[in-house]
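# Structural overview for review
Residue-level listing of the chains:
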Amino acid sequence: MDYKRLAEQILELVGGKENVSGLVHCATRLRFNLKDESKAQTDALKKTKGVVGVAKSGGQYQVIIGSDVANVFAPLNELCDLKDSREKVEQKEKKTKVAAAIDTLSGIFTPILPALTAAGMLKAVLSLLVAFKLVASSDQSYQILNFMGDATFYFLPILLASSAAKKFKCNPYLAMMLGGILLHPNFVNMVAASKESGEAIRLFMIPIYNAGYSSSVIPIILAVWFMSLVEPVADRISPKAIKFFSKPLITILVSGVVTLSVLGPIGYIISNYIAAFLRAMENYGWLVSMILGAVFPLLVMTGTHYAIVPVGINNRMTMGYDSMVYPNNLASNVAQGGATLAVAFKSKVSEIKQLAMSAGITAVCGITEPALYGINVPYRTPLYSAMAGGAAGGLFVGLMHVKNYSGGSPGLLTLPSYIGGDSLRDLLFASIGAAIAFVVAFVICFILYKDPKEALEDDGKGKEQDRVAAENKGTVKAETSVSKEDCAQPASDCDMVCSPVSGKVIPLSEVKDDVFSQGILGNGVAVIPDEDVIVSPVSGTIVSIFDTLHAVGLQADSGEEVLIHIGLDTVKLGGQYFKALAKAGDRVSVGTPLIQVEFDKVKEAGYDIVTPVIVSNTAVYRSVTGETGKHVKAGEPVIQIQK
């Protein structure tokens, strides 16, 4: 490939040299800071040979190249004449205030979603048990399940404190201590007594607002943000000899007092104002629901849904239910599933049918990313159909003022979260709204969808190639995955790639990065490390070790091109916490140490340490599959390759 020519094309399509204010690269992407993103020709870039895809995230315009990214970056950097662009971008990353706020909310709420989902499902199960008269509210079984479900919501400030500390880069244990201060039984009792007697609570001469903070959202986020400002000051002013004691003392004393007297009350009042505003908006809820039902896929694509989800949580915490966010999100998710399943039934391309069927089922259950990025966005018609279905379903649940009582990932599996109040009314209308969304999206998409001509041609060519290959081998396999028995063939037919580190093996689809989860760079697995040394997964040669040490490319003697990407977005660390144990050009065998990583410090810095292992030349093989869901030692086989 002519990398210089590709660099020239990319530069022209991002708006030229004068539109680039910063440029760095990681293991797979060119990361631009553009002065005006509207000048970038995204569609043309996606169609450029050598470009895998385009993404926008964190104030960066990212052009996805794959393992050849360093070869494109070198001439591109010369053309841009940005000698020290990495340092410039790291020191002054261009983020709009909105992008920064969304990124912060995403980082705070995403880690606690499993706990919120578990709590919501527990409450939903309990609602079903009561509805079918299997338990009564006076039963001990009911009370136990009830407090199990309530635990996440009651102690929500502590959960948020932990994730907020990681986002604001301060001590998570001191942050959780702040959450504990807000929820301590003695403080709760003092607040109750103050409200009853009318006498203010005071810390010496400082008045303490008599508010309850269980299940609250905003107060603890403000508190941890303030603590992140206090902690470095406490570090600077603490004498070295007693810093171990004085730094946490100063941090928690100052942060705790300011939280109880100022920030907690501000957050409490803001939460109540939001709730009051939304109550006033309930007369127009049908319009809001219709609009959100239609645009939710677009919000997910841009990440701005993270700014809306906390509103739904705050509604349930302050009003006991949410009628503004979750019901229309339910309509949107089910509509996306309906549109995707319509593609599965109508498409004549086997690969599209298989992907659409699995992604559609996942979407109606509440997880839409596979459908959104795998089918709806690439083929457009299902996206528009899903938006129409979401609007129709959203309009219905808005008109019926449907209430969600316990959250969870909006989909068919969490319909019991609409059981509440004095009847099953909300469950009934939520189900009808979901059905409307599904049917409208399915019908529109089924009528309008057509397979892309290129996909039909490629599918025909692929079937012909499979037929010829089967004749040459004398056998035809219906399965695309490779079992252990398949690999008990001659070495020329089947190869293995081993794990580069000890840890739990998970599917790429669970990696929180679309480039890996969608298999854009190739098939493979990901490992959640529990040791600090990355070793070679193959016998061969080190092709490249990036300057930031976050990624390694290898060429196996048997032909596989393997990429190890250590953590997500760890390129931003600039090599901090990483130590090279080998260099490009070295001959290695399975188990040869490559990189030493202080994973604990990487996690403390707020980065995901999951490590994808990719066979980047997947396309040349019959199949590349991984064995996931187990714990492995470094050097144990995890990927099977059938030639």
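All of these numbers come straight from a predicted model, not from anything done at the bench.

## Looking at the overall build of the protein
Looking only at helices and strands, one finds 22 helices and 20 strands in the protein. Split into buried and exposed, the 643 residues of the protein put 47% on the buried side. In the protein, the share of contacts with a sequence separation of at least 24, taken over all contacts with a separation of at least 6, comes to 72%. Summing over all exposed atoms, the protein offers an accessible surface of approximately 30200 Å²; the carbon and sulfur share of this is 60%.

## Some details on a nonpolar patch on the surface
Among the surface-exposed residues, L203, F204, M205 and I206 lie close enough to one another that they form a single nonpolar patch of about 470 Å² accessible area. Positionally, L203 belongs in strand 5 (residues 201-203). Given the relative accessible area of 32%, L203 is considered partly exposed.

## A closer look at the sheet that holds strand 20 (residues 637-642)
Strand order in this open sheet of three strands is 7-20-18, and the pairing throughout is antiparallel. Sheet topology places strand 7 (494-498) and strand 18 (623-626) at the edges, where each strand pairs with a single neighbour. Each adjacent strand pair in this sheet contributes to an overall mean axis angle of 20°, direction not counted. Here four bridges tie strand 18 to strand 20, and the two strands are oriented antiparallel to one another. Residue pairing in the sheet places T625 in a bridge with Q640 of strand 20.

## Remarks on the side chain of H550
Counting through the fold element by element, H550 comes out in the loop between strand 11 (540-545) and strand 12 (551-556). Polar contacts involving the side chain of H550 include one to the side chain of T548, which spans 2.5 Å.

## Structural notes on the nonpolar core
Buried together is how nonpolar side chains tend to be arranged in soluble globular proteins. F109, L160, I220, V224, I313 and Y418 are the most contacted members of the largest nonpolar core, which totals 57 residues. In contact with I220, other than residues within four places in its own chain, are P157, L160, A161, A175, L178, G179 and L182. With 37 residues, the next largest nonpolar core counts I10, F32, C80 and L508 among its residues.

## Brief notes about the sheet that holds strand 8 (residues 503-507)
Taking strand neighbours across the sheet as the criterion, the eight strands line up as 15-11-12-13-17-9-8-19 in an open arrangement whose pairing is antiparallel. Strands with a single pairing partner mark the edges of an open sheet, and in this sheet they are strand 15 (587-588) and strand 19 (630-632).

## A few points about the pattern of salt bridges
Throughout the structure, instances matching the rule amount to nine salt bridges. Residue D235 pairs with K247 through a salt bridge whose shortest N-O separation is 3.6 Å. One end of the pair, D235, is in helix 11 (residues 218-237); the other, K247, is in helix 12 (residues 243-281), with 12 residues separating them in the sequence. For D235, a relative accessible area of 28% corresponds to the partly exposed category. Assessed through its relative accessible area of 24%, K247 is described here as partly exposed.

## A closer look at the confidence of the model for the protein
Per-residue pLDDT for the protein averages 82, and the proportion of residues at 70 or more is 86%. Segment residues 84-94: pLDDT under 50, and 27 contacts once partners within four positions in sequence are set aside and those in other chains are kept. Across residues 465-492 the pLDDT falls below 50, and counting only partners more than four positions away or on other chains, this stretch makes 25 contacts in the model.

## Looking at the packing of helix 15 (residues 326-346) against helix 18 (residues 381-399)
Running from N to C, helix 15 and helix 18 point in directions that differ by 145°, and their axes come no closer than 7 Å. Handedness of the helix 15/helix 18 crossing: right-handed. Packed against helix 15, whose contacting residues are P327, N328, A331, S332, A335, Q336, A339 and V343, the element helix 18 presents P382, S385, A386, G389, G390, G393, G394 and V397 at the interface. Grouping the constituent residues of the contact of helix 15 with helix 18 by class yields eight nonpolar, eight polar and no charged.

## A look at the environment of S539
Residue placement: S539 occurs in the loop between strand 10 (533-535) and strand 11. Leaving out residues up to four positions away in the same chain, S539 has contacts with Q555, A556, D557, V588, S589 and V590.

## With respect to helix 17 (residues 369-379)
Restricting attention to buried positions, one finds in helix 17 the residues A371, L372, Y373, I375, N376 and V377. Note on helix 17: the residue one or two positions beyond its end, R380, has a positive phi of about 60°.

## Some points on the pairing of strand 17 (residues 611-615)
Of all the five residues making up strand 17, five are buried; the element is thus mostly covered by neighbouring parts of the structure. Judged by which residues are buried, strand 17 turns out to be covered on both faces: T611, V613 and V615 on one side and P612 and I614 on the other are all buried. Across five bridges, the pairing between strand 9 (residues 523-529) and strand 17 is antiparallel. Looking at the pairing, A526 lines up with P612 of strand 17. Here strand 13 (residues 561-565) runs beside strand 17; their pairing, made up of three bridges, is antiparallel. Across the sheet, the residue bridging to V562 is V615, located in strand 17.

## A few points about the side chain of T42
Inspection of the secondary structure assignment puts T42 in helix 2 (residues 42-46). What T42 contacts, discounting residues up to four positions off in sequence, is V54, K56 and Y61.

## Let's talk about the packing of aromatic side chains
Counting across every chain of the model gives 10 aromatic pairs. Ring plane angle 75° and centroid distance 6.3 Å describe the contact between Y213 and Y268, whose orientation is recorded as edge-to-face. In this pair, Y213 sits in the loop between strand 6 (206-208) and helix 11 while Y268 sits in helix 12, placing the two residues 55 residues apart along the sequence. On the numbers, 5.9 Å between centres and 65° between planes, the contact of F396 with F429 is edge-to-face.

## Here's the deal with the packing of helix 1 (residues 3-13) against helix 3 (residues 69-80)
At a closest axis distance of 8 Å, the pairing of helix 1 and helix 3 adopts a crossing angle of 55°. Relative to helix 3, helix 1 is oriented oblique. Our pair here, helix 1 against helix 3, has a crossing hand that is right-handed. Taking contact as the criterion, the partners of Y3, K4, L6, A7, E8, I10 and L11 in helix 1 are, on helix 3, N71, V72, P75, L76, L79 and C80.

Calculation criteria
- Residues numbered from 1 in each chain as written.
- Predicted model: local features only at pLDDT ≥ 70, side-chain atom pairs only at ≥ 80, totals over all residues.
- Heavy atoms only, no water.
- Helix = DSSP H or I, 4+ residues; strand = E, 2+ residues; numbered from the N terminus.
- Buried < 20%, exposed > 50% of the residue type's maximum accessible area, 1.4 Å probe, protein only.
- Contact = heavy atoms within 4.5 Å.
- Areas by Shrake-Rupley, 256 points an atom, 1.4 Å probe, with all protein chains shown as cover.
- Patch = residues over 30% accessible without salt bridge, like charges linked within 9 Å, V, L, I, M, F, W, Y side chains within 5 Å.
- Salt bridge = Lys/Arg side-chain N within 4 Å of Asp/Glu carboxyl O.
- Pairing = 2+ DSSP bridges.
- Axes fitted to C-alpha atoms, helices over the stretch in contact; angles between N-to-C directions.
- Polar contact = N/O pair within 3.5 Å; in protein donor to acceptor, adjacent residues only side chain to side chain.
- Core = buried A, V, L, I, M, F, W, Y, C linked by side-chain atoms within 4.5 Å.
- pLDDT = per-residue confidence, 0-100.
- Left-handed = near helix turned anticlockwise from the far one by under 90°.
- Nonpolar A, V, L, I, M, F, W, Y, C, P; charged D, E, K, R; others polar.
- Phe/Tyr/Trp six-rings, centres within 6.5 Å; stacked < 30°, edge-to-face > 60°.
- Parallel < 35°, antiparallel > 145°, perpendicular 65-115°, else oblique.

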